[in-house]
Amino acid sequence: MTAESTAMPLQAERMAEMLFAATQELFTSMLGTEVRLVAAPEEEPHDPFDGILSLIGFTGKVIGNGEIICTAGTACDLSSRFLMAEFQHVDEQVLDAVGEITNMIVGGFKNRLEAHVGRLQMSIPTVVHGKNISARNLKADVAVTLLCAYADGEIQLKLGLAASRD
Amino acid sequence: MKEPPNLLIVDDSTAIRKILIRVLNQTNLALGEVLEAGDGKEALNILEGRHISLVLSDINMPNMDGIELLRTLRASPQWHDLPVVLITTEGGQARVQEAVELGATSYVRKPFSADQLRDKLAALLSK
């Protein structure tokens, strides 16, 4: 796990715990497998990657976004578990399933965060599939990266959040 | 003989609609048709032409969200008493209270287990 924070109502470590709790809940209830934290790189990697990037934005007293990053193979495996059907290639159904998985994980985190910061609004998910994907969170007060592993793959979870200036 | 109930699933995610249909198929309840809509507006169009016994609806959707759909149904003499179950990631107590005050019959928070949802739907449909 990596985490940085300034000027936010909660420490990044607490937000990382809430994000992981939401991830565990989704994996246990809807994907039929356990998930565990594995050590994320100390330095935030900014190299372009191939695969899936799924993100959802927040607005309210806290603004920013939550992301899931995984390989195409992991996206197919997660979708197979989620929909109980076999997926070998990334298609519309896989992108939709990954978007919904992101919605539930980030939504679960948002529900926990709302207990501390009040009501937040969430955008609909955006899912990107491609090669040489490069993403940056600009001006985040809190940056959290979790690397989570389950029986057949790994996913990276990211939060980039800031206190609203309004 | 009583007609088996038709159900309407309202969610912009085809993945969630598939999961709900699978869970419904796993109940031992005698069901009629299970119809699908991608948002509240589509749901109202379907409701205009079909007799629906239960609506399962997401909250966050484009065009017309689940709360607006619920408001519209509760304001209509035709659908005032139609059972509506909201299924959503919105899990805050204030949001639950808002949905109940607007007339939601029940509320299921995502993520849900198939058993949990099956039990809830079976209880509602057997009434």
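No experiment lies behind these values; they were computed from the predicted model shown.

J.: Teacher, can you tell me more about the overall build of chain B here?
T.: Counting its regular elements, chain B contains five helices and five strands. Overall, chain B shows an N-to-C arrangement of helices and strands of β-α-β-α-β-α-β-α-β-α. When the backbone C-alpha atoms are referred to their principal axes, chain B occupies close to 35 × 30 × 25 Å. For chain B, buried positions account for 35% of its 127 residues. Restricting to contacts in chain B with at least 6 residues of sequence separation, those with at least 24 account for 63%.

J.: Before we go on, may I ask you to explain the pairing of strand S7 (residues 142-150) of chain A in this structure?
T.: Strand residues, when the strand is regular, have side chains that alternate between the two faces of the sheet. Residue and element names in this part refer to chain A. Taken together, the four bridges between strand S2 (residues 35-38) and S7 define a ladder with antiparallel strand orientation. Residue Val35 lies in a different strand from S7, and its bridge partner there is Tyr150. Of the strand pairs in this sheet, S7 and strand S8 (residues 153-163) are connected by nine bridges, and their pairing is antiparallel. Its bridge partner being in S8, Ala143 is matched across the sheet by Gly160. Where S7 folds back onto S8 in an antiparallel hairpin, the turn is made up of two residues.

J.: Quick question: what am I supposed to make of the interface of chain B and chain A here?
T.: Many authors give the size of an interface as the accessible area that is lost as the parts come together. Counting from both sides, the interface comprises 17 residues of chain B and, opposite them, 21 residues of chain A. The element contributing the most residues to the side of chain B that touches chain A is helix H1 (residues 14-26) of chain B, with six residues. Tallied by class, the residues present in the side of chain B that touches chain A amount to seven nonpolar, seven polar and three charged.

J.: Sorry if this is basic, but what is going on with the sheet that holds strand S3 (residues 54-57) of chain B here?
T.: Strand pairing in a sheet relies on backbone hydrogen bonds. The paired strands run either parallel or antiparallel. Residue and element names in this part refer to chain B. Pairing in this open sheet of five strands is parallel, and the strands run S2-S1-S3-S4-S5 from one edge to the other. Strands with a single pairing partner mark the edges of an open sheet, and in this sheet they are strand S2 (34-37) and strand S5 (106-109). For this sheet the average axis-to-axis angle between neighbouring strands, irrespective of direction, equals 20°. Relative to strand S4 (residues 84-88), S3 is paired through three bridges, and the arrangement is parallel. Looking at S4, one finds that Val55 is bridged to Val84. Running at roughly 165° to strand S1 (residues 7-10), helix H2 (residues 40-49) makes contact with S1, S2 and S3 of the sheet.

J.: Looking at this model, I keep getting lost on helix H3 (residues 92-117) of chain A. Mind explaining?
T.: Three- or four-residue spacings in an α-helix give side chains the same orientation, since the helix completes a turn every 3.6 residues. Residue and element names in this part refer to chain A. When the terminal C-alpha atoms of H3 are compared, their 35 Å separation across 26 residues agrees well with the 38 Å that a helix rising 1.5 Å per residue should span. Most of H3 is tucked away: 19 of the 26 residues are buried. Just downstream of H3, Gly118 is the residue with a positive phi angle, here 85°.

J.: Help me understand the environment of Ser113 of chain B in this model?
T.: Secondary-structure assignment places Ser113 of chain B in the loop between S5 and helix H5 (114-125). Sequence separation of Ser113 of chain B and Ala99 of chain B is 14 residues, and the distance between their C-alpha atoms is 21 Å.

J.: Teacher, can you tell me more about the confidence of the model for chain B here?
T.: Predicted coordinates in regions of low pLDDT should not be interpreted in detail. Residue and element names in this part refer to chain B. Averaged over every residue, the pLDDT of chain B is 89; residues scoring 70 or more account for 96%. Mean pLDDT across the elements of chain B ranges from a minimum in helix H4 (residues 93-101), with 77, to a maximum in H2, with 97. For this predicted complex, the interface score ipTM comes out at 0.79, while the overall pTM is 0.87.

J.: What's the story with the packing of helix H1 (residues 12-31) of chain A against H3 of chain A in this structure? I'm lost.
T.: To characterise two packed helices, one gives the angle between the axes of the helices and the distance between these axes. All names here are of chain A. Where H1 meets H3, the axes come as close as 8 Å, and the angle between the chain directions of the two elements is 135°. In terms of orientation, H1 lies oblique with respect to H3. Here the hand of the crossing between H1 and H3 comes out right-handed. Taken together, the residues of H3 that come into contact with H1 (itself represented by Met18, Leu19, Ala21, Ala22, Thr23, Glu25 and Leu26) are Ile101, Met104, Ile105, Gly108, Phe109, Arg112 and Leu113. Tallied by class, residues from the contact of H1 with H3 come to ten nonpolar, two polar and two charged.

J.: Quick question: what am I supposed to make of the environment of Glu90 of chain B here?
T.: Residue and element names in this part refer to chain B. For Glu90, the position within the fold is in the loop between S4 and H4. For Glu90, a count of 25 C-beta atoms within 10 Å translates into the label buried. Through-space distance from the C-alpha of Glu90 to that of Pro62 is 16 Å; in sequence the pair is 28 residues apart.

J.: Where do I start with helix H3 (residues 66-74) of chain B in this structure?
T.: Those residues of H3 of chain B not exposed but buried are Gly66, Ile67, Leu69, Leu70 and Leu73 of chain B. Projected down its long axis, H3 of chain B shows its buried positions confined to an angular sector of 160°, all on one face.

The rules we used
Residues numbered from 1 in each chain as written. Chains lettered and ligands numbered in written order. Predicted model: local features only at pLDDT ≥ 70, side-chain atom pairs only at ≥ 80, totals over all residues. Helix = DSSP H or I, 4+ residues; strand = E, 2+ residues; numbered from the N terminus. Buried ≥ 20, exposed ≤ 12 C-beta atoms within 10 Å, placed from the backbone. Contact = placed C-beta atoms within 7 Å. Pairing = 2+ DSSP bridges. Nonpolar A, V, L, I, M, F, W, Y, C, P; charged D, E, K, R; others polar. Axes fitted to C-alpha atoms, helices over the stretch in contact; angles between N-to-C directions. Expected span 1.5 Å × (residues − 1). pLDDT = per-residue confidence, 0-100. Parallel < 35°, antiparallel > 145°, perpendicular 65-115°, else oblique. Left-handed = near helix turned anticlockwise from the far one by under 90°. Arc of directions from axis to C-beta.

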